[in-house]
Amino acid sequence: MVRIHPSILSADFVNLERDLEKIASADGVHVDVMDAHFVPNLTFGLPMVQRIAEVTSLPIDVHLMIDDPDTWAPQYAIDRVDSVTFHAEATRDAVSLARELRARGTRASIAVKPGTLVDDVLEHLAEFDMVLVMTVEPGFGGQSFMGEMMPKVEALRGRAEELGIELALQVDGGITADTLPIAAASGADVFVAGSAVYGHSSPAERITALRDAGKGAFDTGRIDLRAIHRGIAGTGTAGSLET
Ligand SMILES: O=C(CO)[C@@H](O)[C@H](O)COP(=O)(O)O
Ligand SMILES: [Co+2]
């Protein structure tokens, strides 16, 4: 299953309602909240997310790149927000926060920056509905995909299968029609794309192209998942998630 979530970070904030209409064929909309403290960039906060919820019918996927999500994240669990993602590096108690988000009726999601190991997340995996593996340093759109994050995706998918739990696995940063199949083959199923969608004259066409790239990777056998698994095992990184 390939789900495409365009990131409005690359949209025109002055014409956001128009730009949201352009991605109506997507599976969700990814909304990056940045506070200029946790990341060196500033976007917007809850009032903007509330307005977005009024004008789009897409499921809203909020990515909080903010300090102290334990205090602020629950406020984002409003009607029409499908998932709230907070960062492992910023939270004091990821499990309590995830439980609070679920209790408020939204899906709970935890994100890890490129330099963060997933060991703690693996230990408490059943507490989360989604894990976001950052494939760039958070803060800005238009950066290059970090393929070296794929062992984290593999480990998370493997553990979810072992536990028999449904887990959405999101990758965010540098996703294009070329990089999406790599992440899909590693076990990701939710793909955030900002510049690859909004950097083109027809965002709707780019959404279709990204979806096809994900499906095509498996249909045509262009990606051999088992070979990728063997390759990762061969480099000795499968058990060690250090980056
Ligand atoms: O969270 C972030 C950046 O921190 C993202 O959601 C970006 O918006 C992705 O942009 P592209 O790499 O797809 O241009
Ligand atoms: Co994001």
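Treat the numbers as computed from the prediction; the structure is a model and nothing was measured. (Residues numbered from 1 in each chain as written. Chains lettered and ligands numbered in written order. Predicted model: local features only at pLDDT ≥ 70, side-chain atom pairs only at ≥ 80, totals over all residues. Heavy atoms only, no water.)

For the protein chain, the count of helices and strands is 10 helices and 8 strands. Within the protein chain, buried positions represent 53% of all 243 residues. Once local pairs closer than 6 in sequence are excluded, the contacts in the protein chain between residues at least 24 apart make up 62%. (Helix = DSSP H or I, 4+ residues; strand = E, 2+ residues; numbered from the N terminus. Buried < 20%, exposed > 50% of the residue type's maximum accessible area, 1.4 Å probe, protein only. Contact = heavy atoms within 4.5 Å.)

The next subject is the UniProt feature "active site" (unreviewed entry) in the protein chain. UniProt marks Asp-32 and Asp-172 with the feature "active site" (unreviewed entry), using the numbering shown here. A maximum C-alpha distance of 10.7 Å places the annotated residues, which cover 141 residues in sequence, within one compact spot. Along the polypeptide, Asp-32 turns up in strand β2 (residues 29-34). When neighbours within four sequence positions are excluded, Asp-32 is seen to be in contact with Ser-7, Leu-9, Thr-43, Phe-44, His-63, Met-65 and Asp-172. The residues contacting Asp-172, other than those within four sequence positions of it, are His-30, Asp-32, His-63, Leu-132, Val-133, Met-134, Thr-135, Val-136 and Val-192. Here His-30 takes part through its side chain, which lies 3.2 Å from a polar atom of the side chain of Asp-172. (UniProt positions renumbered as here; feature names shortened; annotations may be inferred. Polar contact = N/O pair within 3.5 Å; in protein donor to acceptor, adjacent residues only side chain to side chain.)

Strand order in the open sheet formed by 8 strands is β1-β8-β7-β6-β5-β4-β3-β2, with parallel pairing between adjacent strands. This sheet does not close on itself; its edge strands, each paired only once, are β1 (3-6) and β2. Averaged over all pairs of adjacent strands, the angle between their axes in this sheet comes to 25°, without regard to strand direction. Across 4 bridges, β1 lies against strand β8 (residues 190-193) in parallel orientation. Following the sheet pairing, Pro-6 is matched in β8 by Ala-193. (Pairing = 2+ DSSP bridges. Axes fitted to C-alpha atoms, helices over the stretch in contact; angles between N-to-C directions.)

In this section: the packing of aromatic side chains. Tallied over the entire structure, the rule returns 1 aromatic pair. The lysine or arginine in question, Lys-113, covers the ring of Phe-38, its NZ or CZ lying 5.1 Å from the ring centre. (Phe/Tyr/Trp six-rings, centres within 6.5 Å; stacked < 30°, edge-to-face > 60°. Lys NZ or Arg CZ within 6 Å of the ring centre and 35° of its normal.)

What follows is about the coordination of the cobalt ion (ligand 2). Donor atoms from the polypeptide that coordinate the cobalt ion (ligand 2) comprise His-30 (NE2), Asp-32 (OD), His-63 (ND1) and Asp-172 (OD), at 2.1 to 2.3 Å from the metal. For the cobalt ion (ligand 2), the 6 donor atoms in the first shell make angles of 73 to 177° at the metal, a pattern classed as octahedral. All donors of the cobalt ion (ligand 2) belong to a single chain; written as a sequence motif, their spacing is H-x1-D-x30-H-x108-D. Residue Asp-32 is located in strand β2, and its partner Asp-172 is located in strand β7 (residues 168-172); the two are separated by 140 residues in the primary sequence. By the burial criterion, Asp-32 is buried, and Asp-172 matches it. (Donors = N, O, S within 2.8 Å, 3.2 Å for Na, K, Ca; no water. Tetrahedral: all angles 85-135°; square planar, octahedral: opposite > 155°, others 65-115°.)

Glancing now at the pattern of salt bridges. For the coordinates displayed, the defined rule picks out 12 salt bridges. In this structure, Arg-92 engages Asp-68 in a salt bridge whose closest nitrogen and oxygen atoms are separated by 2.9 Å. Here Arg-92, found in the loop between β4 (81-87) and α4 (94-103), pairs with Asp-68, found in the loop between β3 (60-65) and α3 (69-72); they are 24 residues apart in sequence, far enough to count as distant. Classification of Arg-92 by relative accessible area gives exposed; the value is 63%. Salt bridges here are not isolated pairs; linked through shared partners, they connect Asp-12, Arg-18, Asp-19 and Lys-22. (Salt bridge = Lys/Arg side-chain N within 4 Å of Asp/Glu carboxyl O.)

Along helix α2 (residues 46-55), the positions that sit buried rather than exposed are Leu-46, Val-49, Ile-52 and Ala-53. Taken around the axis of α2, the buried residues stretch over an arc of 115°, which confines them to a single face. Those residues of α2 that are exposed and angled more than 90 degrees off the buried face are Pro-47 and Glu-54. Each element contacted by the buried residues of α2 is listed here: α1 (16-21), β2, β3 and β4. (Arc of directions from axis to C-beta.)

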